[in-house]
2 protein chains.
Amino acid sequence: MDRPDWIAVDWGTSRLRAWAMSADGRPVAQAESEQGMGGLAPDAFEPALLALVGPWLDPDRVTPVVACGMVGARQGWIEAAYRAVPCPPLGPPLTRAPARDPRIAVSIVPGLSQARPSADVMRGEETQVAGVLAAAPDWDGVVCLPGTHSKWAEVSAGEVVSFRSFMTGEMFAWLSTGSVLRHGMAGTGWDERAFDSGVSDGMSRPEWLTARLFTLRAEGLLAGLPPDAARARLSGLLIGTELAAARAWWLGRDVVIVGEGTLAGLYARALRAQGIAARQVAAEDAVLAGLTRARALAAGA
Amino acid sequence: MDRPDWIAVDWGTSRLRAWAMSADGRPVAQAESEQGMGGLAPDAFEPALLALVGPWLDPDRVTPVVACGMVGARQGWIEAAYRAVPCPPLGPPLTRAPARDPRIAVSIVPGLSQARPSADVMRGEETQVAGVLAAAPDWDGVVCLPGTHSKWAEVSAGEVVSFRSFMTGEMFAWLSTGSVLRHGMAGTGWDERAFDSGVSDGMSRPEWLTARLFTLRAEGLLAGLPPDAARARLSGLLIGTELAAARAWWLGRDVVIVGEGTLAGLYARALRAQGIAARQVAAEDAVLAGLTRARALAAGA
């Protein structure tokens, strides 16, 4: 393989992904590991990165590395201070990480913060939003970013105007595997109708969420609710409750969902039931387009 | 000590409590252990009980033991089939547990189930409700039972008419110690004003719960929200959201809260802010009064 022009890195809490990028902006190789930020002490980041991208490096040249995500958190490699919205999703300065290996120069993309109307933060999603905008610089609308902490970001005139995070993904993971509900959720099956009814219930009188959760357990005990239906209804309840709160973000708006996997598909399905035809953008495409923009910033272009 | 007339047992998921009861209905000794139902195989229940109450037993007489709680669950000592509401909180038959030791005869109180309007179950709380009614047989009102899965039970004409459970307590435990929010909640302090503002927020637009949870994290990162305030506001948000959903249970109703500890006090405080002067009944008094009623049933009285 040719040596990459630069290396794009998406470094989240639980996973590290890297792409070798050609000079014309294409990923020519990809690698990933479980060396997420969550398990690394500050001095373990450089070794974790080199273990993954070492084979791509040119011994006679400095290869730029541009990274986004939790790698820039206070507990990460080095803190990349938040930029406050409203602002473009990416902007200078990027933060230089203290790498000792002379073959790499690592820049970290800062996350975004919001003080009002509610305190909020993101790290990594700003790069995906930038990727969405890279393909359509004049686009105004709302970007929905499903995940552990799902986010809705309002974009206008090239800026993130405001955003809001929900603990939906982290709650689903705990409720389905760690809470009392886990007893009725073995296996991996899925009942689409149960998901749809969960969304519908969640959107209607969302204040009942914590009671409806217990109902799943009771239906398992009393009526033999199948695990596939219980798990899907749980997901629907959480996403439906999120949609109820986020109604102003999507009602009558142009919505882009970042992601093409199962979770993003569920958000698309739930919005479709509300008459919203959200466009889905692949997360990898969005993050690479965003990191490519950040690479231009890092190079001072 | 005199040998007890009978033994009252409250056997929950994480704890086992027993009282030696005199013939005139007073507790004359008390013992407890961490041998909750959650950690015991079916054949481990009798040894766990004997380890606790063995010293109270008369070798020449069978001592009746009456137990309520998760001990009667499917994964407990022996399943005590639910009784369906509407029904009195206690009623025959009690379930006989298979004890081999000739010195004890163990009866287990069945829990209550509800099929409509929403599936629900309780084990243990029915005994506390019976205890509340023992002191006031003609009382009509609503019993609020804070706990891991808090419950609201409507009582009329000596029967539990309906009830509803919320996952509030289990969610608080996980959110404050297991979720991303744990980072901002170290220590054990408490900020009453933050609790009150959490209740107020939770009651107003409760659909925002999962977003407001993340706001606690963001305020910790951006504004240095103190752990005492973060933990108290989390509690207030969850209880306020529960009160918003349960409004029909308490608005204009005569409410009794079972419990006198910290958690019950928080429910009382939150209701007081809504103009509801709930009466608090000590949980131990309620469960002992209820088990005394169950003892009469077990004896065929």
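Residues numbered from 1 in each chain as written. Chains lettered and ligands numbered in written order. Predicted model: local features only at pLDDT ≥ 70, side-chain atom pairs only at ≥ 80, totals over all residues. Heavy atoms only, no water.

Caption draft 1: Structural detail: empty space enclosed by the protein. All names here are of chain A. Applying the stated criterion across every chain, the model contains 2 cavities of 30 Å³ or more. Space inside the largest cavity adds up to approximately 50 Å³. In terms of lining, the largest cavity is formed by Leu181, Gly184, Met185, Leu216, Arg217, Gly220 and Ala230. Top contributing element to the lining of the largest cavity by residue count: helix α5 (residues 209-223), with 3 residues. In terms of residue class, the lining of the largest cavity is built from 4 nonpolar, 2 polar and 1 charged. Taken as a whole, the second largest cavity spans an internal volume of roughly 30 Å³. Together, Arg83, Pro89, Leu90, Gly91, Leu94, Val109, Pro110, Ala294 and Leu297 line the second largest cavity. Residues of the lining of the second largest cavity, tallied by class, amount to 7 nonpolar, 1 polar and 1 charged. (1 Å grid on protein atoms, 1.4 Å probe; cavity = no way out; pocket = protein on both sides within 12 Å on 5 of 7 lines; lining within 4 Å. Points joined across faces, edges and corners; volume = space filled by probe spheres on them. Helix = DSSP H or I, 4+ residues; strand = E, 2+ residues; numbered from the N terminus. Nonpolar A, V, L, I, M, F, W, Y, C, P; charged D, E, K, R; others polar.)

Caption draft 2: Broad picture of the pairing of strand β1 (residues 6-11) of chain B. Residues and elements named next belong to chain B. Most of β1 sits inside the fold, with 5 of its 6 residues counted as buried. Where β1 lies against strand β2 (residues 16-21), 6 bridges are found, and the strand directions are antiparallel. Opposite aspartate 10, over in β2, you have arginine 17 as the bridge partner. (Buried < 20%, exposed > 50% of the residue type's maximum accessible area, 1.4 Å probe, protein only. Pairing = 2+ DSSP bridges.)

Caption draft 3: A look at unusual backbone geometry. All names here are of chain A. The residue after valine 85, namely proline 86, is reached through a cis peptide bond having omega 0 degrees. Within the chain, arginine 205 stands out as a residue other than glycine whose phi angle is a positive 55 degrees. Structurally, the position occupied by arginine 205 is in the loop between α4 (192-203) and α5. Classification of arginine 205 by relative accessible area gives partly exposed; the value is 48%.

Caption draft 4: How the structure looks around the relation of the copies chain A and chain B. Rotating chain A by 180 degrees about the axis while translating it 0.0 Å along that axis superimposes it on chain B, leaving an RMSD of 0.0 Å. Taken together, the rotation angle and the small translation identify this as a two-fold axis. Of every C-alpha in chain A, the one belonging to glutamate 207 of chain A sits nearest the axis of rotation, 2.7 Å from it. (Least-squares fit on C-alpha atoms with pLDDT ≥ 70 in both.)

Caption draft 5: Broad picture of the pattern of salt bridges. All names here are of chain A. Under the criterion given, the structure shown has 24 salt bridges over all chains. Arginine 17 is paired through a salt bridge with glutamate 32; the nearest N and O atoms lie 3.7 Å apart. Of this pair, arginine 17 sits in strand β2 (residues 16-21) while glutamate 32 is found in strand β3 (residues 27-33), placing the two residues 15 residues apart along the sequence. When the shortest N-O distance is used, the salt bridge between glutamate 192 and arginine 269 registers 3.2 Å. One end of the pair, glutamate 192, is in helix α4; the other, arginine 269, is in helix α8 (residues 262-272), and 77 residues separate them in sequence. Look at glutamate 192 and you get partly exposed, because its relative accessible area is 45%. Residue arginine 269 is classed as partly exposed on the basis of its relative accessible area of 23%. Each of Arg15, Arg17, Glu32 and Glu284 takes part in a single network of salt bridges with overlapping partners. (Salt bridge = Lys/Arg side-chain N within 4 Å of Asp/Glu carboxyl O.)

Caption draft 6: Local environment of the packing of α4 of chain A against helix α6 (residues 227-245) of chain A. Residues and elements named next belong to chain A. Contact pair α4 / α6: the axes reach a minimum separation of 6 Å and the direction vectors enclose 35 degrees. Relative to α6, α4 is oriented so that their crossing is right-handed. Judged by residue contacts, Ala194, Phe195, Ser197, Gly198, Val199, Asp201, Gly202 and Met203 of α4 engage Ala229, Ala232, Arg233, Ser235, Gly236, Leu237, Ile239, Gly240, Thr241, Leu243 and Ala244 from α6. Along the lines of polarity and charge, the residues of the contact of α4 with α6 split into 10 nonpolar, 7 polar and 2 charged. (Axes fitted to C-alpha atoms, helices over the stretch in contact; angles between N-to-C directions. Left-handed = near helix turned anticlockwise from the far one by under 90°. Contact = heavy atoms within 4.5 Å.)

Caption draft 7: Region of the structure containing the interface of chain A and chain B. Listed per partner, the contact involves 42 residues of chain A and 42 residues of chain B. Taken over both partners, the interface formed by chain A and chain B buries close to 3,600 Å², and the fraction arising from carbon and sulfur atoms is 71%. In terms of surface lost to chain B, no three residues of chain A exceed Met167, Trp174 and Phe214 of chain A, which account for 18% of the buried area on that side. Taken together, the connections running from chain A to chain B amount to 0 salt bridges. (Buried area = accessible area lost by both parts, 1.4 Å probe.)

Caption draft 8: Quick peek at the environment of arginine 17 of chain A. Residue and element names in this part refer to chain A. By relative accessible area, arginine 17 is classed as buried at 14%. The spatial distance from the C-alpha of arginine 17 to the C-alpha of alanine 294 is 16 Å, given a sequence separation of 277 residues. Those residues in contact with arginine 17 that lie beyond four places of it in its chain are Ala8, Val9, Asp10, Gln30, Ala31, Glu32 and Glu284. Of the polar contacts made by the side chain of arginine 17, one reaches the side chain of glutamate 284; its length is 3.0 Å. (Polar contact = N/O pair within 3.5 Å; in protein donor to acceptor, adjacent residues only side chain to side chain.)

Caption draft 9: Seen up close, helix α5 (residues 209-223) of chain B. All names here are of chain B. Its 15 residues place the ends of α5 20 Å apart at the C-alpha level, agreeing with the 21 Å of an ideal helix rising 1.5 Å per residue. Across the 15 residues of α5, 11 count as buried, placing the element largely inside the fold. Among the residues making up α5, those that are buried are Leu209, Thr210, Ala211, Arg212, Leu213, Phe214, Thr215, Leu216, Arg217, Ala218 and Leu221. One or two steps after α5, the chain reaches glycine 224, where phi turns positive at roughly 65 degrees. (Expected span 1.5 Å × (residues − 1).)

Caption draft 10: Structural detail: the packing of helix α3 (residues 168-177) of chain A against α6 of chain A. Residues and elements named next belong to chain A. Across the interface, α3 lies against α6 with an axial gap of 10 Å and an inter-helix angle of 155 degrees. As far as their axial angle goes, α6 and α3 are roughly antiparallel. Here α3 runs over α6; the crossing is right-handed. Along its contact with α3, which presents Thr168, Met171, Phe172, Leu175 and Ser176, the element α6 presents Arg231, Leu234, Ser235, Leu238, Ile239 and Glu242. Class assignment of the residues belonging to the contact of α3 with α6 gives a composition of 6 nonpolar, 3 polar and 2 charged. (Parallel < 35°, antiparallel > 145°, perpendicular 65-115°, else oblique.)

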